[in-house]
Amino acid sequence: MAATESAAPAESELDRGGAEDEPRGAEPEEDAGTGQAGPIAAAQQHRLAKLPLSRIKSLMKADPDVSLASQESVFIIAKATELFVEMIAKDALVYAQQGKRKTLQRKDLDNAIEAIDEFAFLEGTLD
Amino acid sequence: MAERPEDLNLPNAVITRIIKEALPDGVNVSKEARKAISQAASIFVLYATSCANNFAMKAKRKTLNAGDVMSAMEEMEFERFLQPLRQALEAYKKGQKGKKEASEQKRKEKKNITDENDKSRDEEEDEHMDDEQEGENEGEEEDVEN
């Protein structure tokens, strides 16, 4: 994920007047921020999280005990979910390989869930 | 629509992409496995949310925040996520800051349009260029008025 280049537009505190006081890091992309940072920042956020924040938020709101959630929290959960997907896929792969297969199958998922503590919360939940 | 929370699935295409990028080339994923992973992901969101919300409630806050989510990850034994999540959060915050300042700047911009709206923006999307052109036009109009 190209999160690094996103740093530039944030430094839009630089005035048009010219004096770019703080060349942030290696990217003297001063004028970055002005106006353009809108679509850019939005695009960057889309690059930062692959999963749609709106969908994540809907899921979160499904919990009756949840009243409000900050944007950051929605983002972090989205990101954590991505990491979770990566993790479970890799862990399940181990079982496929044990079975000398190159195709991940449902049973590999089931095995991973049963064997790995972190996935205990999934037991009995999948169709 | 009173759907069960589990019915709020995450987009298949994105889930598939994440899976593919995590696995070595040449490995395939059956449709059933993909579907199960997608379901698991939704459940993960629900579980993480519930966990995080507990922390918020303990702190007597009504708004779930990023810190609550981090605490939840620890509680759920996903400490390995903490480091990458912190990094992602930093980048996200910067992006958010840029957005806010940008809309303020834009207002100022409309008064002070200069041609400096550089073409050196070429590294970024074309949207950039489009906005610049719009900005310049608006600027010109104002100059005329003045």
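Definitions and limits used
Residues numbered from 1 in each chain as written. Chains lettered and ligands numbered in written order. Predicted model: local features only at pLDDT ≥ 70, side-chain atom pairs only at ≥ 80, totals over all residues. Heavy atoms only, no water. UniProt positions renumbered as here; feature names shortened; annotations may be inferred. Helix = DSSP H or I, 4+ residues; strand = E, 2+ residues; numbered from the N terminus. Buried < 20%, exposed > 50% of the residue type's maximum accessible area, 1.4 Å probe, protein only. Contact = heavy atoms within 4.5 Å. Phe/Tyr/Trp six-rings, centres within 6.5 Å; stacked < 30°, edge-to-face > 60°. Lys NZ or Arg CZ within 6 Å of the ring centre and 35° of its normal.

- Looking at an unreviewed UniProt entry, one finds chain B named DNA polymerase epsilon subunit 3 and attributed to Cyprinus carpio.
- UniProt, in its Subcellular location (unreviewed entry) section for chain B, records the words "Nucleus".

- Taking an unreviewed UniProt entry as the reference, chain A is identified by name as DNA polymerase epsilon subunit 4 belonging to Cyprinus carpio carpio.
- UniProt's Subcellular location (unreviewed entry) comment on chain A is quoted here verbatim: "Nucleus".

**Comments concerning the environment of Ala-112 of chain A**
Residues and elements named next belong to chain A.
Thought 1: Structurally, the position occupied by Ala-112 is in helix H5 (residues 106-115).
Thought 2: On the basis of relative accessibility, which here comes to 0%, the residue Ala-112 falls in the buried class.
Thought 3: Expressed as a C-alpha distance, the spacing of Ala-112 and Leu-93, which sit 19 residues apart in the sequence, is 8.8 Å.
Thought 4: When neighbours within four sequence positions are excluded, Ala-112 is seen to be in contact with Asp-91, Ala-92, Tyr-95 and Phe-119.

**A few points about the packing of aromatic side chains**
Thought 1: Counted according to the given criterion, the structure contains 11 aromatic pairs over all chains.
Thought 2: Geometrically, the ring pair formed by Phe-84 of chain A and Phe-121 of chain A is tilted, given 6.0 Å between the ring centres and 45° between the ring planes. Of this pair, Phe-84 of chain A sits in helix H4 (residues 71-98) while Phe-121 of chain A sits in the segment after H5, and the two are 37 residues apart along the sequence.
Thought 3: For Phe-121 of chain A, a relative accessible area of 17% corresponds to the buried category.
Thought 4: A connected cluster of aromatic rings, assembled from ring pairs, spans Phe-84, Phe-119 and Phe-121 of chain A together with Phe-44, Tyr-47, Phe-78 and Phe-81 of chain B.
Thought 5: One cation-aromatic arrangement involves Lys-58 of chain B over Phe-55 of chain B; the distance from NZ or CZ to the ring centre is 4.8 Å.

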